[in-house]
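Results of the structural survey
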Amino acid sequence: EGVERAEAFLLLAEPKDLRLPDPGIVCRVEEGAVEVRARRFAAFVRLRFDGLARQPSLSDNGFHLAPGQTRRILLGATPHGETTGSLAARLRVRHL
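A brief structural summary. (Residues numbered from 1 in each chain as written. Predicted model: local features only at pLDDT ≥ 70, side-chain atom pairs only at ≥ 80, totals over all residues. Heavy atoms only, no water.)

In strand β5 (residues 70–74), alternate side chains face the same way, and those of Arg71 and Ile73 are buried while those of Thr70, Arg72 and Leu74 on the opposite face are not. As judged from the 5 bridges shared by strand β2 (residues 33–38) and β5, these two strands associate in the antiparallel manner. For Glu35, the partnering residue across the bridge sits in β5 and is Arg72. (Buried < 20%, exposed > 50% of the residue type's maximum accessible area, 1.4 Å probe, protein only. Helix = DSSP H or I, 4+ residues; strand = E, 2+ residues; numbered from the N terminus. Pairing = 2+ DSSP bridges.)

Here it is in structure tokens:
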């Protein structure tokens, strides 16, 4: 139930030629996961935590979000001394 098998987006131009509006991405870091939501289409969404020598592993990265879609990204082992709050402060989201 509710298991996503695959997803496909057809981009009708080369990524370098796309002129997309700000997708309005909102993130919430919680214990063991990051929830990412976009108000509008978001292409090539990538997550990174600034200032960490070793990034936590992520269950997904470099994905697209449909308008209104929320994706829950699971975090691997949290670096020693980091808390949910400190990871939230370090989180940077990039997109096309």
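Attention now goes to the nonpolar core. Membership of the largest hydrophobic core comes to 15 residues, with the highest contact counts inside it found for Val34, Val36, Val45, Leu47, Phe49 and Leu65. When residues of this core are traced back to their parent elements, those giving at least two are β2, β3 (42–49) and β4 (63–65). For this core, the element with the most residues is β3, which contributes 4 residues. The residues touching Val36, leaving out its near neighbours within four places in the chain, are Ile25, Val26, Cys27, Val45, Leu47, Phe63, Leu65, Gln69, Thr70, Arg71 and Ile73. (Core = buried A, V, L, I, M, F, W, Y, C linked by side-chain atoms within 4.5 Å. Contact = heavy atoms within 4.5 Å.)

If you add up the space inside the largest pocket, you get close to 150 Å³. What lines the largest pocket is Arg46, Leu47, Arg48, Phe49, Gln55, Pro56, Leu58, Asn61, Arg92 and Arg94. Of all the elements in the fold, those that place two or more residues in the lining of the largest pocket are β3 and β6 (91–94). Tallying contributions element by element places β3 first for the lining of the largest pocket, with 4 residues. Of the residues that constitute the lining of the largest pocket, the class distribution is 4 nonpolar, 2 polar and 4 charged. (1 Å grid on protein atoms, 1.4 Å probe; cavity = no way out; pocket = protein on both sides within 12 Å on 5 of 7 lines; lining within 4 Å. Points joined across faces, edges and corners; volume = space filled by probe spheres on them. Nonpolar A, V, L, I, M, F, W, Y, C, P; charged D, E, K, R; others polar.)

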